[in-house]
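Structural features, examined
Chain by chain, the residues:
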Amino acid sequence: MINNTLVLTGRLMKHILRSPDTIITVALTPIAMMLMFVYVFGGAVKMSLPAGVNYVNYQLPGILLMAIASGIAYTAFRLFMDAQKGMFQRFNSMPISRSAVLCSHVLTSLVSNLITVVIIILVAFVMGFRSSAGILSWLAAAGIIILYTLALTWVAVIPGLRAKTMEGASAFAYPLLFLPFLSSAFVPTNTMPLIVRVFAENQPVTSIVDAIRALLANQPAGNAIWVALAWCVAIIAVAWFFAMRAYKNRS
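Residues numbered from 1 in each chain as written. Predicted model: local features only at pLDDT ≥ 70, side-chain atom pairs only at ≥ 80, totals over all residues. Heavy atoms only, no water.

1. Some remarks on the overall build of the protein
The helix and strand inventory of the protein stands at 11 helices and 0 strands. Counting from the amino terminus, helix and strand elements in the protein follow one another as α-α-α-α-α-α-α-α-α-α-α. Expressed as a percentage of its 251 residues, the buried residues of the protein come to 48%. Within the protein, counting contacts between residues at least 6 apart in sequence, those at least 24 apart form 81% of the total. In the structure as shown, the protein presents an accessible area of about 12100 Å², 70% of it carried by carbon and sulfur atoms. (Helix = DSSP H or I, 4+ residues; strand = E, 2+ residues; numbered from the N terminus. Buried < 20%, exposed > 50% of the residue type's maximum accessible area, 1.4 Å probe, protein only. Contact = heavy atoms within 4.5 Å. Areas by Shrake-Rupley, 256 points an atom, 1.4 Å probe, with all protein chains shown as cover.)

2. Focus: the side chain of N113
Secondary-structure assignment places N113 in helix α5 (residues 98-127). Residue N113 is classed as buried on the basis of its relative accessible area of 2%. The contacts of N113, once residues within four sequence positions are left out, are A67, I68, G71, I72 and T149.

3. Quick look at the confidence of the model for the protein
Mean pLDDT over the protein: 83, with 89% of residues reaching 70 or higher. The least confident element of the protein, judged by mean pLDDT, is helix α4 (residues 87-92) at 67; the most confident is helix α10 (residues 204-216) at 94. (pLDDT = per-residue confidence, 0-100.)

4. What to know about the packing of aromatic side chains
What the rule picks out here adds up to 8 aromatic pairs. A centroid spacing of 6.2 Å and a plane angle of 20° characterise the contact between Y55 and Y58, whose relative ring orientation is stacked. Of the two residues, Y55 and Y58 are both situated in helix α3 (residues 55-84); the distance of 3 residues between them amounts to about one turn of the helix. Each member of the pair, Y55 as well as Y58, is classed as buried. (Phe/Tyr/Trp six-rings, centres within 6.5 Å; stacked < 30°, edge-to-face > 60°.)

Here you go:
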């Protein structure tokens, strides 16, 4: 199964590498948002942050999650196109693992999104991002980002297999793009109205952002890291269950 998954992942990655505009497009919007937040709104927003906090550092985790939410829309699109072209039936008629077909899309999503994340972090360094975190903290932050990517990817599999149109396959990602705005990604939640603050403090993006931010700043993450992990694992479990049902029905 592993060899089958890697071979099929290579097929999908070749498509991406032949058309790198996918990764560029996914990275451009978050980078533009980062530039706007730092250089346009940063002066005003910084007044609500603790003294000495670098706003590039503060908002980077939210930008990364926005990039991932944008990237998984292409995962749903690729799944939809494979389903429309009858690729699943063709692969299932071959002596390869049936699960490898779906896992290759998930792995491709993970690799392509991690490339986008690296590009954005490099741009953030140019803009003044600095981290005092050690290698273990960076690895922990990377682990959360990987889990979040897998969680959203499995969510993307469902519309990718069930959608009736190409637009419907990728449209589900739009609400996910806005979740960071209703979290602690760009401003502290204590500046929000009560109803918005209650939602922001109890949705998954806030705990994930807080955990990544604390790890990259070499600060104690507290319960945020465990809440973030619990959210990611729960989303993966539920989305995987429904994604596999959709895949069995489709194939």
